[in-house]
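Below, each chain spelled out in residue letters.
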Amino acid sequence: MNLFGSPAAPPGLPADGPRPADPGPRTVRFVVAPSTFISLALILLSLWLLIRLWPVILVLVVALFILGTLSPTVLWLEERRIRRGFGIAIVFTGVITLATLAVALTVPSMVAQGAALFEREPAFRAALADRLAHYHLSAPFAEWLRNLSYGAPGNTVGPTAFAYSLRIFQVAAYGLSALFLALYMMIDRDRLRGGLFALVPRSHHIRLTRVILNLETIVGAYIRGQLITCLLIGAFTFILLTACGVENAMALAVFAAAADILPYVGAVLSIAPAGLAALSHSPTAGAIVLVAMLAYQEFESRILIPTIYGHALRLPSSVVFFALMAGGTLMGLLGALLALPVAATVMMLIEELRVDLPGEQEQAADTLLRARDDLQEEEYERRTEGVAAEQAAAIAVEISVDRRNQDLHPGITP
């Protein structure tokens, strides 16, 4: 009996009646739509093409870097009443001339000094080990340096040199291809830009233009900054080593300039060879070179790099370090070189596309920016009604440049 006087259900049965019969095991069927197979096949095909065409994609990326670096100079010449074709000819002729002069002035001397360093390496290592053996703390390192062996270099020098010569030729061919591709892209700028804008809906043209302009700023600042800092540290190292009487100063200076491309790691790579070469000359020269190189690296990181790069990259130190590790792990030296502009591009896209991050709340400034975006898009739609894509692209660039000038100079109206 229950509380209301009705008979209670027998044990094992539900209170409202007998339990339904067991339906038995159920069969679950997964039906995959044909569109899923098509999408998966397209993804696999895209990955296969990406792997097969990786050198071509790399040439395209380098060409875009060259384009972003040289475009501001061509634009500056256009603003000085110089025709675009003539300005492009001036810029590319100057770049090729400077590169040829740099190679002609540095490569023969660097190769000769590098060969001399290779021949004198055993004597240099023995002299350095003798100096280190005089001190108790460095004596174990001196013994290790004396016993250091490289196997049988005489049997591998020929094949290794041949392999490196083929690699250098391949890199030079890819570099020239990227240079000429950038030239053609700069000449056909209007048609290429019109074709890109024809593929994108007009409601996104203004935002696309701002992204392209920001990419040009990031890439141009990065490449120009790298060239300036590498040239400066190379010149400083050459003058310092020559003043201290260290031999093979040109080869060591070129190595320091090439190593300076990598932030943080490049400082150690550029200081160590110069310091060891000066130490083998004399302890005084080694101390002077070490202190001077450390002081220059501090000057470069504290003053020179912020002044040259400005706010183009806007990357915190933690992001720089993580980007370098990720790029170096994924793609080696090339990945480390591309890590900083790629990281700056990702952060720019997050900011430009107004992506709301999980821990970030919308501010009043964000609302104002969205309102300005809407006004610009309305103006663009009004001015480009019935206009071809190539002309619409030029109008979008004009509107975006005017806005950027207003942001840089708030008191000036277009």
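Below is a short write-up of the structure.

So, how was this worked out
Residues numbered from 1 in each chain as written. Predicted model: local features only at pLDDT ≥ 70, side-chain atom pairs only at ≥ 80, totals over all residues. Heavy atoms only, no water. Helix = DSSP H or I, 4+ residues; strand = E, 2+ residues; numbered from the N terminus. Buried < 20%, exposed > 50% of the residue type's maximum accessible area, 1.4 Å probe, protein only. Contact = heavy atoms within 4.5 Å. Areas by Shrake-Rupley, 256 points an atom, 1.4 Å probe, with all protein chains shown as cover. Salt bridge = Lys/Arg side-chain N within 4 Å of Asp/Glu carboxyl O. Phe/Tyr/Trp six-rings, centres within 6.5 Å; stacked < 30°, edge-to-face > 60°. Patch = residues over 30% accessible without salt bridge, like charges linked within 9 Å, V, L, I, M, F, W, Y side chains within 5 Å. Polar contact = N/O pair within 3.5 Å; in protein donor to acceptor, adjacent residues only side chain to side chain. Axes fitted to C-alpha atoms, helices over the stretch in contact; angles between N-to-C directions. Parallel < 35°, antiparallel > 145°, perpendicular 65-115°, else oblique. Left-handed = near helix turned anticlockwise from the far one by under 90°. Nonpolar A, V, L, I, M, F, W, Y, C, P; charged D, E, K, R; others polar.

## Describing the overall build of the protein
Counting secondary structure elements, the protein contains 14 helices and 0 strands. Starting at the N terminus, the α and β elements of the protein follow one another as α-α-α-α-α-α-α-α-α-α-α-α-α-α. When burial is assessed residue by residue, the protein has 28% of its 414 residues classed as buried. Sequence-distant contacts in the protein: of pairs separated by 6 or more residues, those separated by 24 or more amount to 67%. Looking at the protein as shown, the accessible area adds up to about 27,300 Å², and 70% of this sits on carbon and sulfur atoms.

## Comments concerning the pattern of salt bridges
A complete count under the given rule lists 7 salt bridges for this structure. Linking Arg-189 and Asp-190 is a salt bridge whose minimum nitrogen-to-oxygen distance equals 3.1 Å. According to the relative accessible area criterion, Arg-189 is partly exposed, its value standing at 29%. Look at Asp-190 and you get partly exposed, because its relative accessible area is 31%. A salt bridge links Arg-383 to Glu-398, with the nearest nitrogen and oxygen atoms 3.3 Å apart. In this pair, Arg-383 is assigned in helix 13 (residues 364-383) and Glu-398 in helix 14 (residues 389-408), connecting sequence segments 15 residues apart. Look at the salt bridges and you will find they share partners, linking Arg-189, Asp-190 and Arg-193 into a network.

## What to know about unusual backbone geometry
The residue Arg-81 is not glycine, and still its phi comes out positive at about 65°. Looking at the element boundaries, Arg-81 is found in the loop between helix 2 (54-79) and helix 3 (84-119). For Arg-81, a relative accessible area of 80% gives the class exposed.

## Comments concerning the packing of aromatic side chains
Taken as a whole, this structure holds 2 aromatic pairs when the rule is applied. Ring geometry for Phe-236 and Tyr-296: centres 4.7 Å apart, planes at 15°, overall stacked. Here the residue Phe-236 occupies a position in helix 8 (residues 205-243), and Tyr-296 occupies one in helix 11 (residues 283-309), the gap between them amounting to 60 residues. Overall, Phe-236 belongs to the partly exposed group, its relative accessible area being 27%. For the ring pair Tyr-296 and Phe-299, a centre distance of 6.1 Å and an interplane angle of 55° mean the geometry is tilted.

## A word on a nonpolar patch on the surface
A contiguous nonpolar patch, built from Leu-40, Ile-43, Leu-44, Leu-47, Leu-50, Trp-54, Leu-330 and Met-331 and spanning about 800 Å² of accessible area, is present on the exposed surface. For the nonpolar patch, the secondary-structure elements that each account for two or more residues are helix 1 (34-52) and helix 12 (317-352). Ranked by residue count, the leading element in the nonpolar patch is helix 1, at 5 residues. With respect to the helices, strands and loops of the structure, Leu-44 is situated in helix 1.

## Topic: the side chain of Arg-210
Here Arg-210 lies in helix 8. A polar contact is formed between the side chain of Arg-210 and the side chain of Gln-376, at a distance of 3.2 Å.

## Digging into the packing of helix 9 (residues 249-259) against helix 10 (residues 265-281)
Each packed pair of helices is defined by two parameters, the angle between the axes and the distance between the axes. Direction vectors running N to C along helix 9 and helix 10 enclose 165°, while the axes themselves pass 8 Å from each other. With respect to helix 10, the axis of helix 9 lies roughly antiparallel. Where helix 9 crosses over helix 10, the two elements pack in a sense that is left-handed. Contacts between helix 9 and helix 10 pair Leu-252, Phe-255, Ala-256 and Ala-259 from the former with Gly-266, Leu-269, Ser-270, Pro-273 and Ala-277 from the latter. Of the residues assigned to the contact of helix 9 with helix 10, the class counts are 7 nonpolar, 2 polar and no charged.

## Considerations on helix 9
Of all 11 residues making up helix 9, 8 are buried, and the element is well covered by its neighbours. Here helix 9 has its buried residues at Ala-249, Met-250, Ala-251, Leu-252, Ala-253, Ala-256, Ala-257 and Ala-259.

Function cannot be inferred from these measures alone, as they are strictly geometric.
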